[in-house]
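# Descriptive analysis of the structure
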Amino acid sequence: MRVAIAGAGSVGRSIATELAGNGHDVLLIDRDTRAIGVDDLPEVEWLLADACELSTLEDARLGDFDVVVAASSDDKVNLVVSLLAKTEFSVGRVIARINDPANEWLFNDSWGVDLAVSPPRLIADLVEDGPEEEAPDEDALPPLPGAEIAESVLHAGSAFAGRPESELSAALPEGAALVAVVGPGGVRPPEPDRLLSVGDTVVFLAEPESLGPLEEALGPVGEGSGA
């Protein structure tokens, strides 16, 4: 299968790594030279260009691809890429990343989107759908005021890739907790004995003052709320 990914940030690169590792032909498109890492992902094709430009997508021969993934950190970019992919190149399947849940109503077939994925919304739903009948824990701490959602994508050099989730949880600073892991199978709650994989997005609830120590422990993390 041929897959074109617009946006070579941490999310786009992780998707590319996973798909290329599964034997698919992958093209990454980004206009930022700092995002281009030919040596990091030699099995992936790269195109340094603006994915919102029709001429760029024509040069990429987008109509020859089976799937287009709009994975940038800008919702406007993802909508434009989705619309062009569907209306100008008749791509069979268009998947778009939603960064701001307030924009969810735009990500539909009117904009060429076949499937929209909103990590903040998925995490919020996972939290809200937790068990309701459990007896209260007398030793439990009260909810953290101003807690934020933060996420980090595990790369090949991560100390926690290939390690059980319990080791990651043990390394977290005070005021931060692992709440979900997003991988090829979707969103799942933490399971201490399960192994983490390269490309997994690990999601945390953290007090604002814990974000710095969390970043030191994991590498750069992205805020999913409160930004």
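That block above? That's the structure.
The following refers to the structure shown. Once a new chain begins, its residue numbering starts again from 1 and follows that chain's sequence as written. Confidence filtering applies because this is a predicted model: local features only for residues at pLDDT of at least 70, side-chain atom pairs given and counted only at 80 or more, and all residues used for totals across whole chains, interfaces and linings. As a convention, hydrogens and water are excluded, and side-chain values are obtained from all of the structure's heavy atoms.

### Here's the deal with the pattern of salt bridges
Whenever a carboxyl oxygen of Asp or Glu lies within 4 Å of a side-chain nitrogen of Lys or Arg, that contact is scored as a salt bridge. This structure, assessed with the given rule, holds 7 salt bridges. Here Arg61 makes a salt bridge to Asp64, at a shortest N to O gap of 3.0 Å. For each residue, the accessible area found with a 1.4 Å probe, counting protein chains only, is set against the maximum for its type, and the residue is called buried under 20%, exposed over 50%, and partly exposed in between. The exposure class assigned to Asp64 is partly exposed, which follows from its relative accessible area of 39%. We note a salt bridge from Lys86 to Asp114, for which the minimum N-O separation is 2.7 Å. Of this pair, Lys86 sits in helix H3 (residues 75-87) while Asp114 sits in the loop between strand E5 (93-97) and strand E6 (115-117); the two residues are 28 residues apart in sequence, bridging distant segments of the chain. Residue classification places Lys86 among the partly exposed positions, given a relative accessible area of 23%. One network of salt bridges, in which partners are shared, links Glu165, Glu191 and Arg194. In DSSP terms, a helix is any run of H or I states spanning at least four residues, a strand is any run of E spanning at least two, and both are numbered starting from the N terminus.

### Structural notes on helix H1 (residues 10-21)
Helix span is expected to be 1.5 Å times the residue number reduced by one. Across its 12 residues, H1 extends 16 Å between first and last C-alpha, which sits within 8% of the 16 Å expected from 1.5 Å per residue. Of the residues making up H1, those classed as buried are Val11, Gly12, Arg13, Ser14, Ala16, Leu19 and Ala20. Taken from the residues just after H1, Gly23 is the one with a positive phi, measuring 90 degrees.

### Re the nonpolar core
With 23 residues, the main nonpolar core has Leu57, Leu62, Val68, Val81, Ala85, Val91 and Phe107 as its most contacted residues. Where this core is concerned, the elements lending two or more residues are strand E1 (2-6), strand E2 (25-30), strand E4 (67-70), H3 and E5. If you tally residues by element for this core, the top one is H3, at 4 residues. Contacts of Ala85, omitting those with residues within four sequence positions, involve Leu62, Val68, Ser90, Val91 and Val94. Ala16, Leu19, Ala20 and Trp46 belong to the second largest nonpolar core, which has 16 residues in total. What we call a nonpolar core is a set of buried Ala, Val, Leu, Ile, Met, Phe, Trp, Tyr and Cys residues that are connected through their side-chain atoms within 4.5 Å. In what follows, residue pairs with any heavy atoms lying within 4.5 Å of each other are defined as contacts.

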